[in-house]
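A closer look at the structure
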Amino acid sequence: MVVGAAIVALLYGLLRLAPALNAPFLPSTAPSTVSMDPANLPYYAIRSLVRMFIALIVSVLFTFVYATAAARLRRAEKVLLPVLDILQSVPVLGFLSVTVTAFINLFPGSELGLECASIFAIFTAMAWNMTFAFHYSLISQPREFDEAARVMRLTKWQRFWQLDVPGGMIPMVWNGMMSFGGAWFFLAASESISVLRHQYALPGIGSYAAAAIQAGNMGQVGIAIAVMIVMVVGVNVLFWRPLTAWSERFRVEESEAAERPRSLVLDLLRRSEVPRLVGRPLKPVGVALDRVTRPFGLAEHPLGVSPVRERTGDVFFAGVITTLIAYGVWKAGGYIRDTIGFGEFGHAFALGAATFGRVVVLLAVATVIWVPIGVWIGMNPKVTRIAQPIVQVLASFPANFLFPLATIVFVALHVSLDIGAILLMALGSQWYILFNVIAGASAIPSDLREAMTSLRVDGKLRWRKFILPAIFPSYVTGGITAAGGAWNASIVAEIVSYGPHNLRAAGLGAYIADATTNGDFPKILIGILVMSFYVVALNRLFWRRMYRLAETRYAL
Amino acid sequence: MSQSQTAAPNPAQARTVGPVIIEAESVTKSFTNPDGRALPVLDAISFSLAEGEIVALLGKSGSGKSTLLRCVAGLIAPSGGTVAYRGTPLNGANPGVAMIFQSFALLPWLTVQQNVELGLQARGVPEAERRERALKAIDLIGLDGFESAYPKELSGGMRQRVGFARAIVVEPDALLMDEPFSALDVLTAENLRNELVGLWEGHEAPVKSILIVTHNIEEAVLLADRILVLSSNPGRIKAELAVELPRPRDRHAPRFESIVDTVYGILTGREDRATAAIAVAEHPTDGVPRPARPAPTPINTPLPVVSPGGMAGLLEILAARGGEDGLAEIADELNFEIDDLLPLVDAAVMLGLAGTKGARLEITADGREFAAADILTSKQLFARHAVAHAPLVRAIAQALTATEDHTLREGFFLDLLRRGYSTEEARQQLETAIDWGRYGELFDYDRDDAEFTLDPSAYPALVGTA
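Along each chain, numbering runs from 1 in the same order as the chain's sequence is written. Following the order in which they are written, the chains are lettered starting with A and the ligands numbered starting with 1. Local features in a predicted model are, by the rule used here, given only for residues with pLDDT of at least 70; side-chain atom pairs are given and counted only at 80 or more, and totals for whole chains, interfaces and linings are based on all residues.

1. Some words on the overall build of chain B
- Strands are runs of DSSP state E lasting at least two residues, helices are runs of H or I lasting at least four, and both sets are numbered from the N terminus onward. Scanning chain B for helices and strands turns up 17 helices and 17 strands.
- Its C-alpha atoms give chain B a radius of gyration of 24 Å, within 12% of the compact-globule value 23 Å for 466 residues.
- Overall, chain B is about 75 × 50 × 45 Å in size when its C-alpha atoms are taken along their principal axes.
- Residue burial is a threshold on neighbouring C-beta atoms within 10 Å of the residue's own C-beta, all placed from the backbone, with 20 or more meaning buried, 12 or fewer meaning exposed, and counts in between meaning partly exposed. Expressed as a percentage of its 466 residues, the buried residues of chain B come to 44%. Each radius of gyration is computed over the set of C-alpha atoms, and the globule rule expresses the reference value as 2.2 Å times the number of residues to the power 0.38.

Given below as structure tokens:
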């Protein structure tokens, strides 16, 4: 109930960031399409990469500030965590038109606004997960570390830099890698976007693909796909693999992990002069930071706090937050009533049911197909070693690049997009199920497998009593991620076009996409509200229960 | 309530006791239950730590000794009373102490030297001096050659040496140790204790006093000038003993053994008989004479957190040793510390299967029967004794008999238990009761539905005591 009200208030607030509807129309600050000359591709690829990495840096900074505030400030936590939870469930793709107009307004007459909007969209794909991970590492810090830091009288900065950041490094890196993979999709979707009946395109690989798709040029779509694969694989090999291997030094467990991530690139780097060359100029920076931050005081809080004052503060704080939410809901209600009326909700909910049906079918089919395959891969260590990186790349690859291929097939076979959209949504989201099932299956202790084999537990019984329960927790994690991804994908998958072919499906995703193109703000608000409702309801009523079951009964 | 520090006179002390460093005055600490009820952990504890002495805080689990140490360190605020460092009441981490942790609490991403330097860095010591002092501490503590190693590469004993070096490098007035040796194997712990004694006696360590929390009786007697024995639930100072033996101390000296026996006696609740053996200053826990013992209930008589199998093992050992033995000997033979042994003893005593006489444990006739019985009979005997003597087990079994379908939700019992226990303790009590009830085939517990069911075979045990 409170969460619902908060979503309404928050989304309405975001909506008001965009300039008013009847303001003079947006200036054409960017070209509507990019050059299709393949010679430009290296440049486009670099521009896209720069966008991704700027978003990553911003996400890391956001994570540090937001998660630390949520973990250290008792009152802030009560607001920051639910807000993060909401932001995570809202299909951000639907809000692109709002953010684009807001950012363009921020930097009138320059491409910078569009650039910021794209980076912001990528940021929203990365930040929430990383923030949750870092926050969790902060609140689950071993108690002795906290005590040791306080008895040693570390300053706030020393505590953050010597204890908090290293302690959260491993979850940050792994979540960063997964989020980065998911963010390619947003890169492709946000570089070239049509907002308020106006087409914008930033120089980048996503725009190149969009242009090729619009022109119906299959060869160039193929080139774009190839470049994209090189980028995904390259970033993985040159950046994330070394980083995950390096982050192992921050593992707190007493004993060494059985199989540590390794990276050839990292080994080469370690042997080279690079670490020393980078380290030398950074050292004075560290010393300076240590000195500059000293006046901020110790990482300590006074022991004695007057309970009356604390209580008064709490009440006041709760009052302000409640008022803000109530005001937001009231304003949003008025806004909808004055524009299209509440009747529109019924329409949106009906469309939402159609998209919901697609998500359910997608999950069911993906489960039936990928669970056996994932178990087979995960239980064969040799296959796992080869398959896991491939699946990782498949999961990272922005599925929207493949839509034109699918469109051609649908048109040729006369398949309605009402059905076809399921496949399009699955292109991006099914891999999470496979990926997690592989991880779960490969984590089954070998003595358990040997025991089952020696007891001659095989066939159906083996699946029912042993394999399925053992992979259940990982499957649930994969299922949640896949469902979230599918909802987001519906916004780009329920309307597709390739050259002269335009296909559309009835669904909430198409509804939001239409509203985005037409700049119909009330419909955007309603569409996203309804989609958030479906996502949150599904999470609370279904996934959370599955999660609890997984944790209490099926955890190995 | 005033508590007089009536330690026995200490003529033969190696160091002279100087000015008071830390003074705790009627410190109480209670934690609040989710339903707002306060649960006392520490009750009116007063003591002081002076320059030149080693003081040990000794107690079973649940005596709040670690909580007391954290109050002294200024890490948590007492609910009542004050802790003062050199006369100034604390309102934050104690500026004059360094702490050594059971789990070492070394940062795994820093090398040995970086770990040792961290405390100096926090104090803003310039780099060159930091280095020099850290190397000196590393040298003193016998970590030479390991400066650039990461904690992960070291054995437990070496890691705790890093912990020591990190603590003494800041030259604290008081060194606080929280069960510093209990994560180590026996030999390593002994080695490290001896080195600590050597450093202390040689006045090499730049430390003015030591406060050590332990549940190992011999450790306390080996190291301390004074031992404060804490009682459990809530923690009070039950007794204060002065140990006047010169260091290094011989474990087999008769005097040493008699002190160990005395402490065992105090911890098993028969301190009055044992006091004659040595100068013991008793702390009367309250001014008024204790009222007659109330009837045992699940609240005032918690189940010792042990498994029935472990207790059966203890009784079998006791029977094999002729039915009676000293607690210290049993602990020694099994390599148990008091946290391992005393709950088992408490359980056996509670069920009437054994009795304590000072620091000796004696098997009863029931206990002999139980230890000699085959599996099925011993389970039946256990069920009967548990229903008769373990209030929580009896309460659950009787409540289940009273309901129509002989089932009850666990929430019913948890709510009752939370009147006297914290949420975790209530859970722990219930889990122990489940374990006992299942072993005795009194009732079963369905974890999916969180529901208790009466075992059909429970009737004989219940009727037998009705």
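2. Here's the deal with the pairing of strand E13 (residues 354-357) of chain B
All names here are of chain B.
- Here E13 pairs with strand E14 (residues 360-363) via four bridges, running antiparallel. Across the sheet, the residue bridging to Ala354 is Ile363, located in E14.
- Note on pairing: two strands pair once DSSP finds at least 2 bridges between them. Connecting E13 to the next strand, E14, in antiparallel fashion are two residues, including Gly358 with a positive phi near 60 degrees.

3. A closer look at the sheet that holds strand E12 (residues 324-326) of chain B
All names here are of chain B.
- Spatially, three strands are ordered E12-E14-E13 in an open sheet, and the strand pairing comes out antiparallel. On the outer flanks of this sheet lie E12 and E13, each paired with one strand and no other. Averaged over all adjacent pairs, the angle separating strand axes in this sheet is 20 degrees, with direction ignored.
- By definition, residue pairs are in contact when their C-beta atoms, positioned from the backbone, come within 7 Å. Axis lines are fitted through C-alpha atoms, for helices just across the contact stretch, and the angle between N-to-C directions can take any value from 0 to 180 degrees. In the packing of helix H9 (residues 308-320) onto the sheet, the strands contacted are E12, E13 and E14, and the crossing angle to E14 comes to about 90 degrees.

4. A few points about helix H15 (residues 403-413) of chain A
All names here are of chain A.
- For H15, the set of buried residues is Phe403, Pro404, Ala406, Thr407 and Phe410. Looking straight down H15, one finds its buried side chains confined to an arc of 155 degrees; they lie on one side. Across H15 from its buried face, at more than 90 degrees, point the exposed residues Val409, Ala412 and Leu413.
- His414 occupies a position one or two residues after H15 and carries a positive phi of about 60 degrees. Working definition: the arc comes from the directions between the helix axis and the C-beta atoms, pointing outward to the latter.

5. Re the interface of chain B and chain A
- Every contact between the two is made by 24 residues of chain B and, on the other side, 24 residues of chain A.
- Put simply, the parts of the chain that give the side of chain B that touches chain A at least two residues each are strand E6 (97-100) and helix H2 (112-122) of chain B.

6. Let's talk about the domain arrangement of chain B
- Bear in mind that the domain bounds are from an automatic or database domain assignment. In terms of domains, chain B is made up of domain 1 (20-267), domain 2 (308-371) and domain 3 (390-462).
- Here domain 2 of chain B and domain 3 of chain B have C-alpha centroids that lie 26 Å from each other.

7. Points about unusual backbone geometry
Residues and elements named next belong to chain B.
- A cis amide bond, omega -5 degrees, links Arg247 with the succeeding residue Pro248.
- Tracing the backbone through its elements, the reader meets Pro248 in the loop between strand E10 (237-242) and helix H7 (254-267).
- Positive phi is not limited to glycine here, since Glu171 has a value of about 50 degrees.
- Among the structural elements, Glu171 can be located in the loop between helix H4 (156-168) and strand E7 (174-178).
- Of note, the phi angle at His203 is positive, near 55 degrees, even though the residue is not glycine.
- Looking at the secondary structure, you find His203 in the loop between helix H5 (186-201) and strand E8 (209-214).

8. Let's talk about the packing of H2(B) against H4(B)
Residues and elements named next belong to chain B.
- Two numbers describe how H2 lies on H4: the axes approach to 7 Å, and their chain directions differ by 30 degrees. When the interaxial angle is binned, H2 and H4 end up roughly parallel. Like other packed secondary-structure pairs, H2 and H4 cross with a definite hand, here right-handed. Together, Val112, Asn115, Val116 and Gly119 of H2 and Val162, Ala165 and Arg166 of H4 make up the contact between the two elements. The scheme is simple: roughly parallel for angles under 35 degrees, roughly antiparallel for over 145, roughly perpendicular for 65 to 115, oblique for anything else. A crossing counts as left-handed when the near helix is turned anticlockwise from the far one by less than a right angle, and as right-handed when that turn is clockwise.

9. Examining helix H13 (residues 343-379) of chain A
- Between the first and last C-alpha of H13(A) there are 53 Å, a value that for 37 residues agrees with the 54 Å anticipated at 1.5 Å per step.
- Its axis deflected by about 35 degrees at A:Trp370, H13(A) carries its strongest bend there, up to four residues before the proline A:Pro372. Expected span of a helix: the number of residues minus one, times 1.5 Å. At every residue, the bend is computed as the angle between two fitted axes, covering the seven residues ending there and the seven beginning there respectively.

10. Some remarks on the packing of H4(B) against H5(B)
Residues and elements named next belong to chain B.
- For the pair H4 and H5, interaxial distance at closest approach is 10 Å and the crossing angle is 30 degrees. Comparing their axes, H5 and H4 come out roughly parallel. As for the relative orientation of H4 and H5, their crossing is right-handed in sense. The segment H4 lies against H5, with Gly156, Gly157 and Gln160 engaging Thr188, Asn191 and Leu192.
- Charged residues are taken to be Asp, Glu, Lys and Arg, nonpolar residues to be Ala, Val, Leu, Ile, Met, Phe, Trp, Tyr, Cys and Pro, and polar residues to be all remaining types, Gly included. Taken together, the residues of the contact of H4 with H5 sort by class into one nonpolar, five polar and no charged.

11. A word on the sheet that holds strand E2 (residues 38-50) of chain B
All names here are of chain B.
- Spatially, the four strands line up as an open sheet ordered E2-E1-E4-E5, and their pairing is antiparallel. Pairing within the sheet leaves two strands with one partner each, and these edge strands are E2 and strand E5 (88-89).
- Two strands pair when backbone bridges link them, and strand E4 (residues 80-85) and E5 are joined in this way by two bridges, in the antiparallel orientation. Note that in E5 the partner of Tyr85 across the bridge is Thr88.
- Lying over the sheet, helix H1 (residues 65-72) contacts strand E1 (20-32), E2 and E4, oriented at roughly 125 degrees with respect to E1.

12. Describing the pairing of E10(B)
Residues and elements named next belong to chain B.
- Counting buried positions over the six residues of E10 gives five, a clear majority of the element.
- With five bridges joining them, strand E9 (residues 226-230) and E10 adopt antiparallel strand pairing. Considered in E10, the bridge of Val229 is made with Ala239.
- Taking the residues between adjacent antiparallel strands as the criterion, E9 and E10 are bridged by six residues, where Asn233 takes a positive phi near 50 degrees.

13. Here's the deal with the nonpolar core
- The nonpolar core criterion groups buried Ala, Val, Leu, Ile, Met, Phe, Trp, Tyr and Cys residues into a set whenever they are joined through C-beta atoms within 7 Å. The biggest cluster of nonpolar side chains holds 145 residues, and the ones touching the most others in it are B:Leu315 and B:Ala348.
- Among the elements that make up this core, the one with the highest residue count is helix H11 (residues 338-350) of chain B (nine residues).
- Once you skip the residues sitting within four places of it in the chain, B:Ala348 turns out to touch B:Met311, B:Leu314, B:Leu315, B:Leu353, B:Ala354 and B:Gly367.
- Ranked by size, the runner-up nonpolar core spans 142 residues in total, among them A:Val98, A:Ala133, A:Phe403 and A:Ile491.

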